[in-house]
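# Report on the structure
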Amino acid sequence: MLLTEPEIQQVLDQAKAAFPNLINWEYNNEKNEEYFGFSMWGEFVQNPEVLMPRSFFITLDTYEDKWQGCLTIGQHSYLWSSADFGDAHLLDTEPSETLEEAIALLKAKIVELLTAFCAVV
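One structure accompanies this document, and this report is about it. Small disclaimer: the values here were computed from a predicted structure and weren't measured.

Conventions adopted
Residues numbered from 1 in each chain as written. Predicted model: local features only at pLDDT ≥ 70, side-chain atom pairs only at ≥ 80, totals over all residues. Heavy atoms only, no water. Phe/Tyr/Trp six-rings, centres within 6.5 Å; stacked < 30°, edge-to-face > 60°. Buried < 20%, exposed > 50% of the residue type's maximum accessible area, 1.4 Å probe, protein only. Pairing = 2+ DSSP bridges. Helix = DSSP H or I, 4+ residues; strand = E, 2+ residues; numbered from the N terminus. Axes fitted to C-alpha atoms, helices over the stretch in contact; angles between N-to-C directions. Contact = heavy atoms within 4.5 Å. Core = buried A, V, L, I, M, F, W, Y, C linked by side-chain atoms within 4.5 Å. Polar contact = N/O pair within 3.5 Å; in protein donor to acceptor, adjacent residues only side chain to side chain. Patch = residues over 30% accessible without salt bridge, like charges linked within 9 Å, V, L, I, M, F, W, Y side chains within 5 Å. Areas by Shrake-Rupley, 256 points an atom, 1.4 Å probe, with all protein chains shown as cover. Salt bridge = Lys/Arg side-chain N within 4 Å of Asp/Glu carboxyl O. Expected span 1.5 Å × (residues − 1). Arc of directions from axis to C-beta.

Right, let's talk about the packing of aromatic side chains for a bit. Under the definition given, this model contains four aromatic pairs. Geometrically, the ring pair formed by Y35 and W41 is stacked, given 6.0 Å between the ring centres and 5° between the ring planes. Of the residues examined, W41 reaches a relative accessible area of 6% and is grouped as buried. Judged by centre distance (4.7 Å) and plane angle (70°), the ring pair of F36 and Y63 falls under edge-to-face.

See below:
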């Protein structure tokens, strides 16, 4: 799915509002060898003052008429993402009907992941 310019601004605004601590939002709006259609991503830099900070990315993209969300480390998610190329998928969602649903599912999965590491024994 490709978006019009007004749609791009709308979905970027939604993503920025849903993930206000992410920076450097970018997007792709074409089908090519790296993307199935529209894709946008924002970055969270952990400890930006260190020499080699870690970057986490939220990627929200489309495939046909569905939305998916993904959390990666190293770089944003795209068709050829691989730990061999400096990134790793931490989690992703099933396809959703709307961007709002994909964001909600991704947030729930992030909470579930973090809770697993923070659970009191």
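Strand order in this open sheet of five strands is β1-β2-β3-β4-β5, and the pairing throughout is antiparallel. Sheet topology places β1 (23-29) and β5 (88-92) at the edges, where each strand pairs with a single neighbour. Averaged over all pairs of adjacent strands, the angle between their axes in this sheet comes to 25°, without regard to strand direction. Along the sheet face, helix α1 (residues 5-18) touches β1, β2 (38-46), β3 (54-63) and β4 (66-73) and points at about 145° away from the line of β1. Together, β2, β3, β4 and β5 form the strand contacts of helix α2 (residues 99-118), whose direction differs from that of β4 by roughly 30°.

Glancing now at the nonpolar core. Residues F19, M40, I58, L60 and W67 are the most contacted members of the largest nonpolar core, which totals 21 residues. For this core, the secondary structure elements donating two or more residues are α1, β2, β3, β4 and α2. Apart from residues no more than four positions distant in its own chain, F19 is found in contact with W25, I58, L60, I103, L106 and K107.

A few words on the pairing of β3. Across eight bridges, β2 lies against β3 in antiparallel orientation. Bridged to G42 within β3 is I58. Two strands pair when backbone bridges link them, and β3 and β4 are joined in this way by eight bridges, in the antiparallel orientation. What sits directly across from L60, in β4, is G69. Turn length for the β3-β4 hairpin, with the two strands adjacent in sequence and antiparallel, is two residues, and the turn residue E64 shows positive phi of about 55°.

A separate point is the side chain of T93. Relative to the helices and strands, T93 is located in the loop between β5 and α2. Within polar-contact distance, the side chain of T93 engages the backbone nitrogen of G69 at 2.9 Å. Dropping the residues within four chain positions of it, T93 is found in contact with Q68, G69, A102, L105, L106 and K109.

Taken together, the side chains of F36, Y63 and L79 define a hydrophobic patch exposed on the protein surface, amounting to about 280 Å² of accessible area. Relative to the elements of secondary structure, Y63 occurs in strand β3.

Bringing the pairing of β4 into the picture now. With four bridges joining them, β4 and β5 adopt antiparallel strand pairing. Looking at β5, one finds that T72 is bridged to H89.

This part takes up α2. With 20 residues, α2 should cover 28 Å at 1.5 Å per step; its first-to-last C-alpha distance of 28 Å lies within 8% of that length. Taken residue by residue, α2 has L99, A102, I103, L106 and I110 as its buried positions. All buried residues of α2 fall inside an arc of 100° around its axis, so they share one side. More than 90 degrees from the buried face of α2, the exposed residues found are V111, E112 and A116. Turning to α2, the residues buried within the fold contact α1, β2, β3, β4 and β5.

Any functional reading would require information that these geometric values do not contain.
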